[in-house]
Amino acid sequence: MKILAIETSCDETAICYLEINNTEKGLESTIHNNITHTQLEHIAYGGVFPAVAKREHQINLPIILDKIMHNQDIPDVICVTNGPGLEPALWCGITFAQELGVKWNIPVVPVNHMEGHILSILSPSLNSIENLTFTIPHQTFLLPAIALLISGGHTELVLVKDIGDYEIIGKTRDDAVGEAFDKVARILGLPYPGGPEISKLAENFNGNNPVELPRPMLHSKDYDFSFSGLKTAVLYLVNDVKKDNNDIIPESTKSAIAHEFQVSAGEVLLKKSLTAVKDFGTQSFIVAGGVSANTHIKQVLREKISDYIDIDNIYFPDNGLTGDNALMIAIAGYFKIQKNPDVIYNDIKAVGNLSF
Ligand code: KG4
Ligand code: ZN
């Protein structure tokens, strides 16, 4: 099956042309083309600006499609992200997909963005695979699984009962963890997106003049998170430091804050994940979304969760697939089509707060 997948839920305009053939060995997959364009226009605004995202998607979709379709056959199906995400941005992808569907006379299938993130772990590293061909085993990961989805828009713990059957068991009550990374970065005077900047800065921390930040909801008897108070604690701390230092934050304090913020976020993500893994007795654990690129968080989760789950059953996406991309939408779309081969999706709508 030849799939053209389109992802425009936020500030990445992404298209992937993936072919998947079901064989005895597994799902033989070939990435014919895969392009992710990150909109740099948002840097000036310090965050994603929906009207700019929409304009840039509209400009870039046809340009990327031309490159993707060069020397390729018309695909069998188009898969498009319909939520969750920014509605004006989602509509760009959906409208574009529907027009192509009519032009090529092929079906268009809506795909859940968060399911895409979960299934992003089924692709091996894009740098390591030869001829961009890989096999997804028939036995994907042990079920049920717990998935921790950490991105700029979401922080969720999901019980994966089966591929296509998900239950959100916990989520953030305010800011997403990636959003908190971005806001803390802004407080420290670092550019957007803040996650990678905080991560780099934290590496400079040498143990001198440590700072203390809270661990929000660490002991709450649920699987929920809260990151807004952590960000505010950073703001108060920075204001105090500035008052004592002629409005300047010393570099050593910046790296101490970045380090402590990461440690705090990692600790609560770990505690809730571990509780979920134990409570549901799951044998596999998946981490996905932009923040899953964070080396510290990755390390903490891998090390501590492996006390309960075999390390081979703990999954992170390849670093090139932690952020938004269309390959994950193609993979998730394939599984959705296999489960419901006869469903025709006539009325695809963008749903900003779409759940599973
Ligand atoms: O999944 P994603 O690309 O987009 C959304 O669906 O939100 O996630 C983007 C988020 C941003 O908040 C960004 O700061 C964060 O992921 N991020 C990181 C790192 N790389 C990206 N956060 C922490 N450490 C990183 N290395
Ligand atoms: Zn995402």
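Scroll up to find the structure.
Given the structure is predicted, the values throughout are model-derived calculations rather than measurements.

A count of helical and extended segments in the chain gives 9 helices and 11 strands. For the chain, the proportion of its 356 residues judged to be buried stands at 54%. Nonlocal contacts in the chain, meaning residues at least 24 apart in sequence, comprise 74% of its contacts between residues at least 6 apart. Surface summary for the chain: the accessible area is close to 15,800 Å², and the carbon and sulfur share equals 50%.

This brings us to the sheet that holds strand 8 (residues 155-162). The strand order 9-8-7-10-11 describes an open sheet built from 5 strands, whose pairing is mixed. In the strand order of this sheet, the two ends are held by strand 9 (165-171) and strand 11 (314-315), each with one partner. Against the sheet, helix 7 (residues 251-280) touches strand 7 (145-150), strand 8, strand 9 and strand 10 (284-288), its axis set at about 160° to strand 7.

What follows deals with the coordination of the zinc ion (ligand 2). Protein coordination of the zinc ion (ligand 2) is provided by His 113 (NE2), His 117 (NE2) and Asp 324 (OD), with donor distances spanning 2.0 to 2.2 Å. Here the zinc ion (ligand 2) is ringed by 4 donor atoms whose angles at the metal span 91 to 152°, and the overall shape comes out irregular. Taken in sequence order, the residues that donate to the zinc ion (ligand 2) follow the motif H-x3-H-x206-D. Of this pair, His 113 and His 117 both sit in helix 3 (residues 113-119), 4 residues apart, roughly one helical turn. The exposure classification of His 113 matches that of His 117, with both residues buried.

Let us look at the side chain of Lys 298. Relative to the helices and strands, Lys 298 resides in helix 8 (residues 295-305). With no salt bridge to any partner, buried Lys 298 finds its closest opposite charge in Asp 318, at an N-O distance of 7.4 Å. Not counting residues up to four positions away in its chain, the partners in contact with Lys 298 are Ser 292, Phe 316 and Asn 319.

Rules and cut-offs
- Residues numbered from 1 in each chain as written.
- Chains lettered and ligands numbered in written order.
- Predicted model: local features only at pLDDT ≥ 70, side-chain atom pairs only at ≥ 80, totals over all residues.
- Heavy atoms only, no water.
- Helix = DSSP H or I, 4+ residues; strand = E, 2+ residues; numbered from the N terminus.
- Buried < 20%, exposed > 50% of the residue type's maximum accessible area, 1.4 Å probe, protein only.
- Contact = heavy atoms within 4.5 Å.
- Areas by Shrake-Rupley, 256 points an atom, 1.4 Å probe, with all protein chains shown as cover.
- Pairing = 2+ DSSP bridges.
- Axes fitted to C-alpha atoms, helices over the stretch in contact; angles between N-to-C directions.
- Donors = N, O, S within 2.8 Å, 3.2 Å for Na, K, Ca; no water.
- Tetrahedral: all angles 85-135°; square planar, octahedral: opposite > 155°, others 65-115°.
- Lys, Arg positive; Asp, Glu negative; His and termini not counted.
- Salt bridge = Lys/Arg side-chain N within 4 Å of Asp/Glu carboxyl O.

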